[in-house]
Amino acid sequence: MWKSRVTIAAAAACTLVLSACSGAGTSDNASSSEGASEITVLMVGNPQMEDIQKLTADNFTKQTGITVKYTILPENELRDKVTQDVANQGGQYDVVTIGAYEVPIWSKNGWLHELSTQMDADAAYDKADLLKPMVTVASGEDGKMYGAPFYGESSLLMYNKEMFEAKGLTMPEKPTWQQVADLAAKADDKANGVAGICLRGLPGWGEGIASLTTIVNTYGGTWFEKDWTPKLNAPEFKEATKFYVDLARAHGEPGVAQSGFTECLNIFSQGKSAMWYDATSAAGTIEDPNASKVAGKVGYAYAPVNKTDYSGWLWSWDWAMPKTTKKADASWKFISWATSKDYEQLVGKELGWSRVPAGKRTSTYSIPEYKESAKAFADITLDSIANADPVNPGLQERPATGVQFVAIPEFQDLGTKVSQEIAAALTGQKTVDQALNDGQKLAEAVAKNYK
C-alpha cells in the first residue's frame with residue numbers, strides 16, 4: 001500500500017530476490033540440514049514494503065540464514081494475485097500481505113495459519129503491545145489472530161501549509177467536507193499545475209471505493225441496511241457520490257479516474273496538489289525529505305465529516321501465512337521479525353524515523369526519535385484509529401462490519417464493479433444517477449444471497 005521511494009509504480013511489478021551473503025539453501029532439505037532455506041513473499045507495492053525489501057538481506061537473512069524471494073505488485077494486482085493463489089490453494093507463496101477485509105473471511109474458510117500460538121509463545125514479541133483495533137481486525141471469529149499487523153492506519157486530510165499561507169487559507173482541525181470543497185476551490189491553481197485536492201478515483205474496491213465509502217458513511221448513506229436492502233441509489237448515497245464526483249472533476253488532479261494511493265502520493269509529495277485525503281500511513285513518506293519535496297511543509301487534519309463526528313477508515317496491512325506453505329517455521333521467523341519492535345528500531349536508524357511502519361504498536365509512540373519525527377500527525381493517527389468504528393461507521397445499523405468496505409466475500413467483486421461505474425461518472429461517460437442505478441442492480445444481486 002506503500003523512487004526515489006515515491007515513484008514506486010515503475011518498479012512495483014518487479015520480483016526481487018534477496019540472498020544471504022553466507023550461503024543459501026533453497027529447499028526444505030537444505031533448511032533442515034544446513035539451517036538455511038528460502039521463503040516466497042507476495043506483498044503490496046507501498047513504501048513500507050519497499051523498505052523491508054531493502055533491509056532483509058543484511059539483517060534478517062544474515063541473522064537466520066533464510067533468504068526471501070519477494071514479489072511486489074500494485075494494490076489492485078496484488079489483491080487479484082493473492083486471492084487467486086490463496087483461495088485456490090495454489091501454494092506459490094509462504095507469506096502474503098492481506099488486510100482487515102480478508103483476514104476474518106479467509107480464516108473462516110480455513111485458508112490461513114493462525115498466528116496467536118506463536119505470538120503468545122514468544123515473550124519478546126510482546127503481543128500485548130499491539131494496538132487493540134489492529135488485533136481486532138487481524139483476528140478471526142474464533143478470537144485468534146491470523147494476521148500480524150505490519151502497519152495500521154485510518155485516514156486523514158493532508159494539506160500544503162505553504163500554499164495555504166500564500167492564499168490566506170486556514171484549515172480547521174476537524175473540517176467538514178463542504179469546508180474542504182470551498183478550500184479546494186480557493187487553492188486550485190491549474191495554471192501552475194496544482195490541483196486543489198487529490199482524491200482516489202482509480203477503480204478497485206480498495207482504491208477509489210475506500211475513499212468514497214467514508215464520504216457515503218458521513219453523509220448518512222450505506223451500501224446495505226441491516227436487513228440487506230441495498231441503498232446505492234438512495235438519496236444519501238447519491239448526495240455523497242455527487243459531491244465526490246463534482247469535487248474531483250472541478251478541483252481534483254488530472255486523470256482522477258486513474259489515480260489511486262500511489263498516484264496521489266506522487267502528486268502530493270511533488271507539490272502538485274494543495275490537499276490530499278488518504279491513509280494516515282502516507283504521512284511518514286510525506287515527511288521523508290528523501291522521498292518528498294513537501295517534507296516539513298504539510299499540515300494534518302482529521303478525515304472530513306458531514307453528519308458524523310468521525311469518518312476515518314480502519315485498515316491494517318498484515319502478514320499472513322497461507323495454509324499451503326510447507327515452511328511455516330521459517331515463515332513465522334520472517335513475520336515475527338517484520339512486525340517486531342526491533343524492526344521498527346532498524347527502520348528508524350537505517351532509513352529515518354518518519355519511515356517506521358507505525359499504527360500497530362503502543363510502544364512506537366514512546367520512542368523519542370519517532371515522536372519527534374511524527375509530531376505533526378501521530379496524535380491524529382492514534383485518535384482516528386481509536387475512533388474508527390467498523391460496526392457502526394455511519395448513522396444506521398449495518399448487516400456486516402467494515403468502515404470502507406462491507407465484510408462479505410462478494411464485496412471484492414461488487415465494490416470493484418461499482419467503482420468502475422463511478423469512474424465512468426468521473427470521466428463524464430455516465431451521470432452519477434446512471435452509475436448508481438447500475439450499481440444498485442449489482443448490489444441487489446448480492447443481497448439475494450443474504451435475504
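For the chain, the name recorded in an unreviewed UniProt entry is Sugar ABC transporter substrate-binding protein, with Paractinoplanes ovalisporus as its organism.

Caption draft 1: Broad picture of the layout of surface pockets. Considered as a void within the structure, the largest pocket measures approximately 420 Å³ in volume. Surrounding the largest pocket, 21 residues form its lining, A100, P104, T401, G402 and A407 being those nearest its centre. Per-element accounting of the lining of the largest pocket gives the leading share, three residues, to helix 4 (residues 102–108). Partitioning the lining of the largest pocket into residue classes produces 14 nonpolar, five polar and two charged.

Caption draft 2: Quick peek at the state of the cysteines. Overall, the coordinates contain one disulfide when judged by the stated rule. Across the disulfide, C198 is cross-linked to C264 (sulfur-sulfur distance 2.4 Å). The disulfide joining C198 to C264 has a torsion of about -85° about its S-S bond and is therefore left-handed. Here C198 is found in the loop between helix 8 (177–187) and helix 9 (208–218), whereas its partner C264 is found in helix 11 (residues 261–269), with 66 residues between them in sequence. Look at C264 and you get buried, because its relative accessible area is 0%.

Caption draft 3: The sheet that holds strand 7 (residues 275–279), seen in detail. Read across the sheet, three strands follow the order 7-6-8 without closing on themselves; strand pairing throughout is antiparallel. In this open sheet, the two strands that pair with only one neighbour each are strand 7 and strand 8 (298–302). Between one strand and the next, the sheet's axes are offset by a mean angle of 30°, whatever the strand orientation. With five bridges connecting them, strand 6 (residues 155–160) and strand 7 associate as antiparallel partners. Bridge pairing in strand 7 links L156 to D278. The strands touched by helix 11 are strand 6, strand 7 and strand 8; relative to strand 7, the strand with the most contacts, the crossing angle is about 140°.

What counts, and where the lines are drawn
- Residues numbered from 1 in each chain as written.
- Predicted model: local features only at pLDDT ≥ 70, side-chain atom pairs only at ≥ 80, totals over all residues.
- Heavy atoms only, no water.
- 1 Å grid on protein atoms, 1.4 Å probe; cavity = no way out; pocket = protein on both sides within 12 Å on 5 of 7 lines; lining within 4 Å.
- Points joined across faces, edges and corners; volume = space filled by probe spheres on them.
- Helix = DSSP H or I, 4+ residues; strand = E, 2+ residues; numbered from the N terminus.
- Nonpolar A, V, L, I, M, F, W, Y, C, P; charged D, E, K, R; others polar.
- Disulfide = S-S within 2.5 Å.
- Buried < 20%, exposed > 50% of the residue type's maximum accessible area, 1.4 Å probe, protein only.
- Pairing = 2+ DSSP bridges.
- Axes fitted to C-alpha atoms, helices over the stretch in contact; angles between N-to-C directions.
- Contact = heavy atoms within 4.5 Å.

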